[in-house]
Amino acid sequence: MPLITVQTSVDSPEKGDVEDLLKDLSASLAKHLSKPESYVMTAFTPGVPMTFAGTTDPTCFIAIKSVGTMGSAKTQAMSQDFCNRVQTALGVPTNRTYIEFVDAKGAMWGWNGQTFG
């Protein structure tokens, strides 16, 4: 049920580097949320035309969605962690990355022909 999507203006790294990033994000998100990684989904979209602060310098938008309550302590830790991971992997400065955290109600999240609520 946890999902992390990364959209960035940066061109795509090599396929292997993208796969490594997605696997890294998956493991980290599962750990932060104390959920089985078998339920975590990751997505990466490079080369998106974007601006931040009126410039087209490298930028990134991350969305993290999960069923349950993340709370401010978890979101603060995840913000720091994922901004740093994106900076390391893609070269996007942490001050040019926004993250949206969304707690989804179980009835609003479907999987395997059912919902989680």
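For the structure, see preceding data.
This is a predicted model, so every value here is computed, not measured.

Rules and cut-offs
- Residues numbered from 1 in each chain as written.
- Predicted model: local features only at pLDDT ≥ 70, side-chain atom pairs only at ≥ 80, totals over all residues.
- Heavy atoms only, no water.
- Helix = DSSP H or I, 4+ residues; strand = E, 2+ residues; numbered from the N terminus.
- Expected span 1.5 Å × (residues − 1).
- Buried < 20%, exposed > 50% of the residue type's maximum accessible area, 1.4 Å probe, protein only.
- Contact = heavy atoms within 4.5 Å.
- Phe/Tyr/Trp six-rings, centres within 6.5 Å; stacked < 30°, edge-to-face > 60°.
- Pairing = 2+ DSSP bridges.
- Axes fitted to C-alpha atoms, helices over the stretch in contact; angles between N-to-C directions.
- Salt bridge = Lys/Arg side-chain N within 4 Å of Asp/Glu carboxyl O.

(A) Layout of helix α2 (residues 71-90). With 20 residues, α2 extends 27 Å between its outermost C-alpha atoms, agreeing within 8% with the 28 Å of an ideal straight helix rising 1.5 Å per residue. Restricting attention to buried positions, one finds in α2 the residues T75, M78, D81, F82, C83, V86 and L90. Of the surrounding secondary structure, the elements contacted by the buried residues of α2 are β1 (3-8), α1 (15-33), β2 (41-45), β3 (60-67) and β4 (97-104). A positive phi of about 80° marks G91, the residue just after α2.

(B) Representation of the environment of T115 in the model. You can see T115 is positioned in strand β6 (residues 114-115). In the structure, T115 is positioned 19 residues away from R96 in sequence and 35 Å away in space, judged by C-alpha atoms. Apart from residues lying up to four places away in sequence, T115 is in contact with G106, A107, W109 and G110.

(C) Structural detail: the packing of aromatic side chains. Evaluated as defined, the whole model comprises 4 aromatic pairs. Between Y39 and W111, the aromatic rings sit 5.5 Å apart at their centres with planes inclined by 75°, giving edge-to-face as the arrangement. One end of the pair, Y39, is in the loop between α1 and β2; the other, W111, is in strand β5 (residues 110-111), with 72 residues separating them in the sequence. Centre to centre, the rings of Y39 and F116 are 6.2 Å apart; their planes meet at 75°, and the pair counts as edge-to-face.

(D) Structural view of α1. Helix length check: α1, at 19 residues, gives a terminal C-alpha distance of 27 Å against a target of 27 Å (1.5 Å per residue), a fit within 8%. Along α1, the residues classified as buried are V18, L21, L22, L25, S26, S28, L29, A30 and L33. Packed against the buried residues of α1 are β1, β2, β3 and α2. S34 sits one or two positions beyond α1 and adopts a positive phi of about 55°.

(E) View of the sheet that holds β3. If you trace the 4 strands from one edge of the open sheet to the other, you get β2-β1-β3-β4, paired in mixed fashion. With one partner strand each, in any of the chains shown, β2 and β4 form the two edges of the open sheet. Ignoring which end each strand starts from, the neighbouring axes of this sheet average 10° apart. Note that β3 and β4 share 8 bridges and pair parallel.

(F) Expanded view of the pattern of salt bridges. With the rule as written, the count across this model stands at 3 salt bridges. The salt bridge involving D24 is made with R85; its shortest N-O contact spans 2.6 Å. Within this pair, whereas D24 is found in helix α1, its partner R85 is found in helix α2, the two being separated by 61 residues in sequence. On the basis of relative accessible area, D24 is assigned to the partly exposed category, the value being 31%. Of the charged contacts, one joins D81 and R85 as a salt bridge, the two residues approaching to 2.6 Å between their closest N and O atoms. Placement of the pair is D81 and R85 together in helix α2, with a separation of 4 residues, close to one helical turn. Relative accessible area serves as the criterion here: at 24%, R85 is assigned to the partly exposed category. If you follow the salt bridges from partner to partner, you end up with D24, D81 and R85 in one network.

From the geometry alone we can't say anything about function, so treat these as descriptive.
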